[in-house]
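Descriptive analysis of the structure
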Amino acid sequence: MKILIAYATGYGSTKEVAEFIGDLLEKNNHQTEIKNISEVESLNYDFLILGSAIKMDKILSETKTFLKKFSTELSQIKNAFFVLSITAKKESSENRDKITKFINPLSEVLKSENSPGIFAGKVDYQKIGWIWRKMAKADKTGNMEEGDFRNWDLIEKWVNELKI
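Just so you know, these numbers come straight off a predicted model, no measurement behind them.

Scoring rules and cut-offs
Residues numbered from 1 in each chain as written. Predicted model: local features only at pLDDT ≥ 70, side-chain atom pairs only at ≥ 80, totals over all residues. Heavy atoms only, no water. Helix = DSSP H or I, 4+ residues; strand = E, 2+ residues; numbered from the N terminus. Buried < 20%, exposed > 50% of the residue type's maximum accessible area, 1.4 Å probe, protein only. Contact = heavy atoms within 4.5 Å. Areas by Shrake-Rupley, 256 points an atom, 1.4 Å probe, with all protein chains shown as cover. Polar contact = N/O pair within 3.5 Å; in protein donor to acceptor, adjacent residues only side chain to side chain. Salt bridge = Lys/Arg side-chain N within 4 Å of Asp/Glu carboxyl O. Axes fitted to C-alpha atoms, helices over the stretch in contact; angles between N-to-C directions. Parallel < 35°, antiparallel > 145°, perpendicular 65-115°, else oblique. Left-handed = near helix turned anticlockwise from the far one by under 90°. Nonpolar A, V, L, I, M, F, W, Y, C, P; charged D, E, K, R; others polar. Arc of directions from axis to C-beta.

Time to look at the overall build of the chain. From N to C terminus, the chain includes 7 helices and 8 strands. For the chain, the spread of C-alpha atoms along the three principal axes comes to 45 × 30 × 30 Å. Per-residue burial for the chain yields a buried fraction of 43% across its 164 residues. Expressed as a percentage of contacts within the chain between residues at least 6 apart in sequence, the contacts between residues at least 24 apart total 78%. Within the structure as shown, the chain displays about 9,100 Å² of accessible surface, and the carbon and sulfur contribution to it stands at 47%.

Structure follows, in structure tokens:
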């Protein structure tokens, strides 16, 4: 099975998750290619896994561009998608509802038989711009505290449950 793992990342965390997913699939004898969505020229694969960071409560603009560019092909390829959102670090029905709204553009186009992978992300003050860093440090809710909130066991569980 030839699988494309295409990702859009803000600061590298989504790429790291894409690579982790690729490693897991390779161990299960799948042939994978991992590419930034800006490098994808065709969807000549058996299966697509699309990953995107969520920034300012939206999927990245590169992800939206990818969905438009490949709208016809996406309806013809089996797929799954995942997102990384700092909102997912605190499990609650309110946060789950927020993230569901964030991922609507993906759900509407991909119509996957797989459940979306919704994972907490990472906040690294050294990688974000100074304006974002200033806003993050001023955040009193704790939502933008620095740290790696990715749950690798949860990601692995999602990968193992994929209908490929």
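Bringing the side chain of Ser52 into the picture now. Relative to the elements of secondary structure, Ser52 occurs in strand E3 (residues 47-55). Taking the relative accessible area as the measure of exposure, Ser52 reaches 0% and is therefore buried. A polar side-chain atom of Ser52 sits 2.8 Å from a polar atom in the side chain of Thr63. Not counting chain neighbours up to four residues away, the residues in contact with Ser52 comprise Ala8, Thr14, Ile59, Leu60, Thr63, Phe82, Val83 and Leu84.

With that out of the way, let us pick up the environment of Leu24. Residue placement: Leu24 occurs in helix H1 (residues 13-27). By relative accessible area, Leu24 is classed as buried at 10%. Sequence separation between Leu24 and Glu156 is 132 residues, and the spatial gap between their C-alpha atoms is 7.5 Å. Once residues within four sequence positions are removed from consideration, Leu24 is found in contact with Glu156 and Val159.

Using the criterion set out here, one finds 8 salt bridges in the structure. In this structure, the salt-bridge partner of Glu19 is Lys15, at a minimum N-O distance of 4.0 Å. Residue Glu19 and its partner Lys15 are both found in helix H1; the two are separated by 4 residues, about one turn of the helix. For Glu19, a relative accessible area of 34% translates into the label partly exposed. The partly exposed category is assigned to Lys15, whose relative accessible area is 35%.

Two elements in contact, H1 and helix H7 (residues 152-160), have axes whose closest approach is 10 Å; the angle formed by their N-to-C orientations is 50 degrees. The pairing of H1 with H7 is recorded here as oblique in orientation. Where H1 crosses over H7, the two elements pack in a sense that is right-handed. Residues Glu16, Val17, Phe20, Ile21, Leu24 and Leu25 of H1 form the contact with H7, whose own contacting residues are Trp152, Ile155, Glu156, Trp158 and Val159. When the residues that make up the contact of H1 with H7 are grouped by side-chain class, the tally is 9 nonpolar, no polar and 2 charged.

So, about helix H4 (residues 93-102). Along H4, the residues classified as buried are Asn95, Ile99 and Phe102. Around the axis of H4, the buried residues are gathered within 50 degrees of arc, so they sit on the same side. When the buried face of H4 is taken as reference, the exposed residues oriented beyond 90 degrees from it are Ser93, Glu94 and Lys101. In this structure, the buried side of H4 is in contact with E3, strand E4 (58-59), strand E5 (78-84), helix H5 (104-110) and strand E6 (117-119).

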